[in-house]
Amino acid sequence: MDAPDLFAPEKAALRRAREALEQGDGEIAHRALAELIQGFDRMIRDTGRLINHADRTERELNRANQKLRELTEELTFRSRHDGLTGLLNRETFIGETLPLMESDPVILLLLDIDHFKQVNDRYGHPVGDKIIVGVARVLRELSPEQALCGRLGGEEFAILLARGDWAGALRLANGICAAIREIRESPHPGLRVTASMSAAASVPGTRFDTLYVCADDALYRAKSLGRDRIEEVPDWITPDD
Ligand SMILES: Nc1nc2c(ncn2[C@@H]2O[C@H](COP(=O)(O)OP(=O)(O)OP(=O)(O)O)[C@@H](O)[C@H]2O)c(=O)[nH]1
């Protein structure tokens, strides 16, 4: 079925007016003109309403689009970052190291907060969370802008420096340990925090797992040698390690 012609009355009035004009019949032409004026009036009102409606719909669509963009950005951020600290989460951190490790020599710093179970047990989990956030802040503030900073799990963090120099990486690790010793959490003046760290470097083409295992061994050594210290892996890690 054909859609109804919305302007059928106006078209009919126009046709009658034309015919009246051709026939020179003033009275019929006058009536047709009156009908046309009415129809024209109605068209202006309806068109105005339609334009307003379309404007409103367009504004609503723009707002909905903007909201969708913000939600997408937030979802992307959440899927890539750790919810508590805002650092890269484990999967993203490892994923981002892969292309860098393929092309560059890198230095991996691992960090694990010392005796963190005791912090939770003595001061409660929420205070433990604040300490984790404080440690993450130290990492973010002291690391160079291009460094990758991630929370690998619980109280374990990692920094990857691409093309970083060894002396600079150790200076950074020392600075981080010193800043963590300064963390205070009111109202707990007795609460002191330390962290153990390790540093390991690899040549291009080394797998993340290979580098990580070596750095993790060194971190374990730092723990067993008394904590609050940095243990280095002396040799460059290669793909054959
Ligand atoms: N508050 C808080 N605690 C966490 C979180 N994730 C892990 N933990 C706690 O971190 C603690 C880690 O304890 P352990 O692995 O025994 O290590 P540790 O006590 O730090 O001892 P060392 O590493 O040997 O110095 C556990 O008690 C976990 O419950 C977190 O997101 N928030």
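Note that the coordinates shown come from a computational prediction; the quantities given were computed from them, not determined experimentally. (Residues numbered from 1 in each chain as written. Predicted model: local features only at pLDDT ≥ 70, side-chain atom pairs only at ≥ 80, totals over all residues.)

Caption draft 1: Local environment of the environment of R59. As for its position among the elements, R59 is in helix α2 (residues 26–80). Assessed through the 10 C-beta atoms surrounding it within 10 Å, R59 is described here as exposed. Considered as a pair, R59 and G128 are 69 residues apart in the sequence and their alpha carbons are 46 Å apart. (Helix = DSSP H or I, 4+ residues; strand = E, 2+ residues; numbered from the N terminus. Buried ≥ 20, exposed ≤ 12 C-beta atoms within 10 Å, placed from the backbone.)

Caption draft 2: Geometry of the UniProt feature "domain: GGDEF" (unreviewed entry) in the protein chain. The UniProt feature table records "domain: GGDEF" (unreviewed entry) at residues 104–235. Structurally, residues 104–235 comprises 45% helix and 24% strand, and the distance from its first C-alpha atom to its last is 16 Å. (UniProt positions renumbered as here; feature names shortened; annotations may be inferred.)

Caption draft 3: Inspection of the site of the ligand at higher detail. Around the ligand there are 16 residues in total, and D114, F116, K117, G128 and G154 lie nearest to it. Put simply, the parts of the chain that give the shell around the ligand at least two residues each are β1 (106–113), α4 (116–123) and α5 (125–142). Here the shell around the ligand is composed, by residue class, of four nonpolar, five polar and seven charged. (Near = placed C-beta within 6 Å. Nonpolar A, V, L, I, M, F, W, Y, C, P; charged D, E, K, R; others polar.)

Caption draft 4: How the structure looks around the domain arrangement of the protein chain. For the protein chain, the domain assignment lists domain 1 (8–78) and domain 2 (90–232). A separation of 66 Å is found between the C-alpha centroids of domain 1 and domain 2. (Domains from an automatic or database assignment.)

Caption draft 5: A look at the packing of α5 against helix α6 (residues 166–181). At their nearest, the axes of α5 and α6 sit 10 Å apart, and the two run at 145 degrees to each other. Crossing hand, α5 versus α6: right-handed. Contacts from V135, V138, L139 and L142 in α5 reach L172, G175, I176, A179 and I180 in α6. Within the contact of α5 with α6, the residues separate by chemical class into eight nonpolar, one polar and no charged. (Axes fitted to C-alpha atoms, helices over the stretch in contact; angles between N-to-C directions. Left-handed = near helix turned anticlockwise from the far one by under 90°. Contact = placed C-beta atoms within 7 Å.)

Caption draft 6: Structural context of the packing of α4 against α5. Between α4 and α5, whose axes approach to 7 Å, the crossing angle comes to 135 degrees. Considered as vectors, α4 and α5 are oriented oblique to each other. Judged by residue contacts, F116, V119, N120 and Y123 of α4 engage H125, V127, G128 and I131 from α5. Residues belonging to the contact of α4 with α5 are distributed by class as follows: five nonpolar, three polar and no charged. (Parallel < 35°, antiparallel > 145°, perpendicular 65-115°, else oblique.)

Caption draft 7: Structural view of the sheet that holds strand β2 (residues 148–153). Taken together, five strands build an open sheet; the order of strands is β2-β3-β1-β4-β5 and the sheet is mixed. What marks the edges here is a single partner per strand, and that holds for β2 and β5 (230–232). With strand direction ignored, the average angle separating the axes of adjacent strands in the sheet is 20 degrees. Bridge analysis of β1 against strand β3 (residues 156–162) gives seven bridges, and the strand direction is antiparallel. The partner of I107 across the bridge, within β3, is L161. (Pairing = 2+ DSSP bridges.)

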